[in-house]
Amino acid sequence: MAEKTHSKASRTENSLRNVTCSIVAYVAKFAASFFFRMAFVRSLDNVYAGIDGLFSTVLYIISLVEMGYEVAMAYVLYRPIAEENYAEIRRIMLYYRSVSCWIAVLILLLGMAVTPFLPQIVGKLPDIPHIRWVFMAATLNMALEYLFKYRRTLICAMQKQYICTLAHYLAGAAMDLLQILAVLLTRNYLLCLVLQGCGLLLEAMVEGLYIKRQFGREFWQRQRCGMEGIPISRQVRPYIHSVALHKAGTVLLSHGDVLLISQLAGILQAGIYSNYKYIIYALNSVYTLLMESVAAGIGELGALEDKQKSRKVFSAVQLAGAWIYGFSAVCLYVLFNPFIALWLGENSLFAEKIVVAIVLRFYVNGMKKAVSVYRDALGLFIHDRWISLAEFLLFFIFSFILCNLGMGVEGVMYGSVLAAACTSVWFEPLLLYRKGFAAPGAGQYFIMYMAFAGCTLGGCLLTKAAAQILPWSGIAGFLCQIVMCIFIPNLLFWLCFGHTEGFRILQRKIGAYLHKSMKRKLVEK
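Residues numbered from 1 in each chain as written. Predicted model: local features only at pLDDT ≥ 70, side-chain atom pairs only at ≥ 80, totals over all residues. Heavy atoms only, no water.

**Focus on the overall build of the protein**
Thought 1: A count of helices and strands for the protein gives 21 helices and 0 strands.
Thought 2: Scored against the burial criterion, the 525 residues of the protein give a buried share of 55%.
Thought 3: Taking the contacts inside the protein whose residues are at least 6 apart along the sequence as the reference set, 84% of them involve residues at least 24 apart.
Thought 4: Of the accessible surface of the protein, which amounts to about 23,400 Å², a share of 67% is contributed by carbon and sulfur atoms. (Helix = DSSP H or I, 4+ residues; strand = E, 2+ residues; numbered from the N terminus. Buried < 20%, exposed > 50% of the residue type's maximum accessible area, 1.4 Å probe, protein only. Contact = heavy atoms within 4.5 Å. Areas by Shrake-Rupley, 256 points an atom, 1.4 Å probe, with all protein chains shown as cover.)

Structure follows, in structure tokens:
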């Protein structure tokens, strides 16, 4: 076999390289997306933003036909990659490539079938030219994304996620710049979607070239792959059912909010909310990348080493997640409306009570990330497969009740928070500690959770109070608020948690990585 072995860097080194590239690439992508969104809303209007969000929600629901193969296949790949069993890796990937083709075809067919019934699904369609062709173009883009997803799964399981990150965000940034020109010159939404599809093809091309370089040209040749061993379909079958249920609940929870708001509060409110959600999505995307950058290392750690070490590493991951989401919650609480006003104008603002609800939902969902990354990497999704669907059911019930009590958009946000508090917030950590770490309970986790939440609340109140006494307004006041948001919550977190074991682990691992990087550069010189 002519494959090349990927370099045996440490888990820490791979994880931190992934994190670094995730940040750099995402900054470029977000800068381009930021200006595209501004051009999009100002050239068209919030109704287009609402339709964009609604169509995305419908397509994410259609994408449930994927049934969670991505997570299940990544879990199956961890051991053969750790053992450098390239014949098994190729056997798994040939199977996954075939599955990806069928998934893409199913998404296309379902999109075509749904198109005539869009008014019944999303409500009365606004007067947008070629709106059904717009939906079909978005469907084609979704199918392209899933057609090539098997490549990304393999590269990420190899702990080389930075390759996918660079390909995804740099290609996306280039397409965003072209979309800015398209929307300013033509005001044609359909052309923007065509350019998005070109970005997906460019990204897939880069990932394909990387795999060919790592494993050789014959990697995808089925006739040279032996069929010995347990059939792949039988290996992944125990996981698919569980992951599919998880994905169904996660997609409905993540994207059902726009659909609920459009039905209960109107499409204009959904459009305004989609601008706030765009910022939330931007932050969640980079933070998910940061968490997923260490997921392959966690999977390998769980496969090859002891549970005690895995639990110690989790304390560091939990602290990192809490610090990131706590700091972000403070920034959003203080800066959300001033930023939206400068970016899109005063007519795109929500009242502060709605902003508080949006930020609270963001924080509660973000605090679950560390647990969910460990759960997926250690294969524990089998044990809580119904929890996401139960959470969505409660989300729908609570949101419907609160909206009918006159709460509107904030009712949907608080409905999500209440649903999470009744289900995943307590159940998933308990499962991780009992099944993943072989610990009797998760008391330490919940103590730290409350400490992190208290520190975040304190940061919100202190930073908001400091921002309100500023004598400046406009851009000058906004810049001063940014400085306060950077220093006050981070200082508070350092004072509260700088002495913990999790902080020491983070400090040690980051320091070791920086030392290795500097030493390598000196050797190269």
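**Notes on the nonpolar core**
Thought 1: Counting 140 residues, the largest nonpolar core has Leu154 and Phe336 as the members making the most contacts within it.
Thought 2: Counting residues per element, this core draws most heavily on helix H13 (residues 307-344), which supplies 18 residues.
Thought 3: Excluding anything up to four places from it in sequence, leucine 154 contacts Leu77, Ile81, Ile89, Met93, Ile211, Phe215 and Phe219. (Core = buried A, V, L, I, M, F, W, Y, C linked by side-chain atoms within 4.5 Å.)

**Focus on the packing of helix H15 (residues 369-377) against helix H18 (residues 424-436)**
Thought 1: Where H15 meets H18, the closest approach of the two axes is 10 Å, and the angle between their N-to-C directions is 45°. The orientation of H15 relative to H18 falls into the category oblique. The hand of the H15/H18 crossing is left-handed. Of the residues in H18, those in contact with Val371, Tyr374 and Arg375 of H15 are Glu428, Pro429 and Leu432.
Thought 2: Residue composition of the contact of H15 with H18, grouped by class: 4 nonpolar, no polar and 2 charged. (Axes fitted to C-alpha atoms, helices over the stretch in contact; angles between N-to-C directions. Parallel < 35°, antiparallel > 145°, perpendicular 65-115°, else oblique. Left-handed = near helix turned anticlockwise from the far one by under 90°. Nonpolar A, V, L, I, M, F, W, Y, C, P; charged D, E, K, R; others polar.)

**A word on the side chain of glutamine 318**
Thought 1: Looking at the secondary structure, you find glutamine 318 in helix H13.
Thought 2: The residues touching glutamine 318, leaving out its near neighbours within four places in the chain, are Ala370, Tyr445, Met448, Tyr449 and Phe452.

**Section: the pattern of salt bridges**
Thought 1: Here the structure, examined in full by the defined rule, presents 6 salt bridges.
Thought 2: The closest approach of N and O atoms between glutamate 88 and arginine 91, which form a salt bridge, is 3.1 Å. Of this pair, glutamate 88 and arginine 91 are both found in helix H4 (residues 86-114), 3 residues apart, which corresponds to roughly one turn of the helix.
Thought 3: Using a relative accessible area of 17% as the deciding quantity, one classes glutamate 88 as buried.
Thought 4: One salt bridge connects aspartate 257 with lysine 277, and the closest N-O pair in it is separated by 2.8 Å. Highlighted residues: aspartate 257 in helix H10 (residues 232-264) and lysine 277 in helix H11 (residues 267-292), separated in sequence by 20 residues. The residues aspartate 257 and lysine 277 share a single accessibility class, namely buried.
Thought 5: Through salt bridges that share partners, Asp257, Lys277 and Arg361 make up one connected network. (Salt bridge = Lys/Arg side-chain N within 4 Å of Asp/Glu carboxyl O.)

**Here we look at the environment of valine 334**
Thought 1: Of note, valine 334 is situated in helix H13.
Thought 2: Excluding anything up to four places from it in sequence, valine 334 contacts Thr463, Lys464, Ala467, Gln481 and Cys485.

**Things to note about the packing of aromatic side chains**
Thought 1: Tallied over the full model, the rule gives 24 aromatic pairs.
Thought 2: Ring plane angle 45° and centroid distance 5.6 Å describe the contact between phenylalanine 493 and phenylalanine 497, whose orientation is recorded as tilted. Residue phenylalanine 493 and its partner phenylalanine 497 are located together in helix H20 (residues 474-497), separated by 4 residues, close to a single helical turn.
Thought 3: Among the aromatic residues, ring-to-ring pairing joins Phe314, Tyr374, Tyr433, Phe437, Tyr445, Phe446 and Tyr449 into one connected group.
Thought 4: The ring centre of tyrosine 146 lies 4.2 Å from the NZ or CZ of lysine 149, which sits over that ring. (Phe/Tyr/Trp six-rings, centres within 6.5 Å; stacked < 30°, edge-to-face > 60°. Lys NZ or Arg CZ within 6 Å of the ring centre and 35° of its normal.)

**A short note on the state of the cysteines**
Two cysteines whose sulfur atoms are joined by a covalent bond form what is called a disulfide.
Thought 1: This structure, assessed with the given rule, holds 0 disulfides.
Thought 2: Left unpaired, cysteine 485 is separated from the closest cysteine sulfur, that of cysteine 331, by 4.5 Å. (Disulfide = S-S within 2.5 Å.)

**Observations concerning a nonpolar patch on the surface**
Thought 1: A grouping of Leu264, Leu393, Phe396, Ile397, Phe400, Ile401 and Leu405 is seen on the molecular surface, where their side chains present a nonpolar patch of about 660 Å² in accessible area.
Thought 2: Within the secondary structure layout, leucine 405 lies in the loop between helix H16 (387-404) and helix H17 (409-422).
Thought 3: Judged by relative accessible area, which is 65%, leucine 405 ranks as exposed. (Patch = residues over 30% accessible without salt bridge, like charges linked within 9 Å, V, L, I, M, F, W, Y side chains within 5 Å.)

**Here we look at a positive patch on the surface**
Thought 1: Judged by side-chain charge, Lys312, Arg504, Arg508 and Lys509 come together as a positively charged surface patch.
Thought 2: No other element matches the 3 residues that helix H21 (residues 501-524) contributes to the positive patch.
Thought 3: Given a relative accessible area of 42%, arginine 504 falls into the partly exposed group. (Lys, Arg positive; Asp, Glu negative; His and termini not counted. Charge placed at Lys NZ, Arg CZ, Asp CG, Glu CD.)

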